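# Close look at the chain arrangement
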Amino acid sequence: MKKILVTGGCGFIGSNFIRYALKNSDYEIVNIDKLTYAGNLKNLIDVQSDKRYKFYKADICNYELVSYIIEKEKVDSIINFAAESHVDRSILSSQEFIRTNVTGTNVLLELTRLYSLERFLQISTDEVYGSLGPDGKFTETTPLSPNSPYSASKASADLLVRAYNHTYGLPALITRCSNNYGPFQFPEKLIPLMIINAINNKPLPVYGDGMNVRDWIYVEDHCDAILKVFEKGEIGEVYNIGAENEMPNIEIVKLILKELGKDESLITFVKDRPGHDRRYAIDATKIKTKLNWKPNHTFETAIKETISWYLQNKSWWEEIISGDYLNYYKKWYEER
Ligand code: NAD
Ligand code: TDX
């Protein structure tokens, strides 16, 4: 049985991936996570006693500790989810983004090399391509043109992965996915933030004119694509992942309000995010044709399931929004 070191497995996508992989494959999984504000052990309560799963609290920047874990656990491969992931936080302060997203990825690449691991999969984002006008989509050959400190740090990591493959023949691959939604997403991101504010009858802060477009994919479809690329993807290649579901933010916000039976008067237009990318759209032809992948969920159904998950799991997010989250919320939204 092969063993994968998953980093950042206590976050939104990592925890969904671990659950998905334990259910749909034979892999053993070692999860290392620093447990930052975004990492939550409760995201994986249901699998914590699974014999194929093990957790270590560790920072991916800590070379010695990660090296010790790789050696002790005899892991075969790495999938790197660990990152500072929120654009707005990177605008407030970028240092942790450079540390974790760039230096942390470099540590993992060095250790993949040292232990001659079989595979290194970097979980990246469509934001590295920058912003689109009204037409066209990002393909794997679109030049990198990141616009926020967050996306610049992710693009830097991608370039390191590319260089390690080119220089040392490291068996590395990259996935670049569009915006995810689903259970366990931290309520700083658009969809969970709007669902929770609507439930609590609080204002829904829409940036600018609300016409920025994002391309949405259900997190389980992303996890399925990651597993496919990990198993069948060609070394040295980049794979875009997306579900062809572009929507302006304001439409999503209105849909959430309608689904929850709340009034549109809760919508509050606030000052725009500085440098706000106008539109993202993913061309996923490559993964569809080369790896025979396709998304299994429609937005219409999966967004309803997501809203009902937040309604049924109030204690999960109530605990989060009562802590340090309040300080962040105040700092970012108070002046807008
Ligand atoms: P998240 O913020 O929910 O989770 C990140 C996890 O990484 C947390 O558990 C956190 O504790 C951990 N972490 C942070 N710094 C660490 C460090 N130094 N060492 C070890 N662990 C650390 O993020 P997410 O939304 O689940 O995103 C996961 C990955 O997917 C990221 O690399 C992100 O760039 C990428 N991605 C996200 C989206 C999206 O829509 N959320 C889309 C495309 C790609
Ligand atoms: O309060 C808000 N109001 C608002 O209008 C928030 C939090 C967001 N927005 C807008 C900004 C974006 O146009 O909604 C859109 C989505 O915002 P986020 O949820 O912050 O996502 P985004 O900036 O698109 O980045 C996300 O997708 C790519 C993830 O956070 C990244 O980790 C991923 O790489």
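Everything below is about the structure shown above.
Residues numbered from 1 in each chain as written. Chains lettered and ligands numbered in written order. Predicted model: local features only at pLDDT ≥ 70, side-chain atom pairs only at ≥ 80, totals over all residues. Heavy atoms only, no water.

## Considerations on the nonpolar core
The condition that has to hold: In plain words, nonpolar cores are sets of buried Ala, Val, Leu, Ile, Met, Phe, Trp, Tyr and Cys residues tied together by side-chain atoms within 4.5 Å. Each residue gets one of three labels from its accessible area relative to the maximum for its type: buried under 20%, exposed over 50%, partly exposed in between, using a 1.4 Å probe on protein chains only. Starting at the N terminus, helices and strands are each numbered in turn, a helix being any DSSP run of H or I of at least four residues and a strand any DSSP run of E of at least two.
Tyr181, Ile191, Ile195 and Ile256 are the most contacted members of the largest nonpolar core, which totals 40 residues. Those elements giving two or more residues to this core turn out to be helix 6 (190-199), strand 8 (204-207), strand 9 (213-218), helix 8 (249-259), strand 12 (267-270), helix 10 (299-312), helix 11 (314-321) and helix 12 (325-333). Top contributing element to this core by residue count: helix 6, with seven residues. By size, the runner-up hydrophobic cluster in this structure holds 36 residues, among which are Ile18, Ala21, Val229 and Leu291.

## Focus on the site of ligand 1
So the rule is basically this: In this text, near means that some heavy atom of the residue lies within 4 Å of the molecule or strand in question. In protein, a polar contact requires one atom able to donate a hydrogen and another able to accept it; more generally it is a pair of N or O atoms within 3.5 Å, and residues adjacent in sequence count only if both atoms are side-chain atoms. We get accessible surface area from the Shrake-Rupley algorithm with a probe of 1.4 Å; when it comes to residues, only the shown protein chains can shield them.
In the vicinity of ligand 1, 28 residues are found, and the nearest of them are Ile13, Asp33, Ser85, Tyr150 and Lys154. One of the side-chain nitrogen or oxygen atoms of Asp33 is found 2.6 Å away from an oxygen atom of ligand 1. The contact in question runs from a nitrogen atom of ligand 1 to an N or O atom on the backbone of Lys34, over 3.1 Å. Considered on its own, ligand 1 offers 830 Å² of accessible surface; in the complex 97% of this is hidden by protein. Sort the elements by how many residues they give to the shell around ligand 1 and strand 5 (residues 119-125) lands first, with three residues.

## A look at the sheet that holds strand 5
Definition in use: Criterion used throughout: strands pair if DSSP finds at least two bridges between them. Note on geometry: axes are lines fitted to C-alpha atoms, helical ones only across the stretch in contact, with angles between N-to-C directions running from 0 to 180 degrees.
The strand order 3-2-1-4-5-6-10 describes an open sheet built from seven strands, whose pairing is parallel. The sheet is open, and its two edges are formed by strand 3 (53-57) and strand 10 (238-241), each paired on a single side. Ignoring which end each strand starts from, the neighbouring axes of this sheet average 20° apart. Relative to strand 3, strand 2 (residues 28-33) runs parallel, the two sharing five bridges. Bridge pairing links Ile32 to Tyr56 in strand 3.

## Some remarks on the layout of surface pockets
In plain terms, the rule: Cavity and pocket criteria rest on a 1 Å grid covering protein atoms alone: a 1.4 Å probe that fits but cannot get out defines a cavity, protein on both sides within 12 Å along at least 5 of 7 lines defines an open pocket, and an atom within 4 Å of a point defines a lining residue. Grid points are joined across faces, edges and corners, and a volume is the space filled by probe spheres set on the points. Following the grouping adopted for this structure description, the nonpolar residues are Ala, Val, Leu, Ile, Met, Phe, Trp, Tyr, Cys and Pro, the charged ones are Asp, Glu, Lys and Arg, and the polar ones are all others, Gly among them.
Space inside the largest pocket adds up to approximately 340 Å³. Lining the largest pocket are 18 residues, and of these Glu140, Arg162, Arg176, Gly236 and Val238 lie nearest its centre. Counting residues per element, the ones that place at least two in the lining of the largest pocket are helix 5 (149-168) and strand 6 (172-177). No other element matches helix 5, which puts six residues into the lining of the largest pocket. Considering only residue class, the lining of the largest pocket consists of seven nonpolar, five polar and six charged. Reported here for the second largest pocket is a volume of approximately 270 Å³. In terms of lining, the second largest pocket is formed by 13 residues, of which the most central are Tyr37, Glu84, Arg89, Ser93 and Tyr328.

## As for the site of ligand 2
With respect to spatial proximity, 23 residues lie near ligand 2, and among them Glu127, Tyr150, Arg273, His276 and Tyr333 are the closest. Contact distances for ligand 2 include 2.8 Å between a nitrogen atom and a backbone N or O atom of Pro205. Notes on ligand 2: free accessible area 660 Å², of which the protein chains cover 94%. Contributing elements (two or more residues each) for the shell around ligand 2: helix 3 (87-92), helix 6 and strand 8. For the shell around ligand 2, the class distribution of residues is ten nonpolar, seven polar and six charged.

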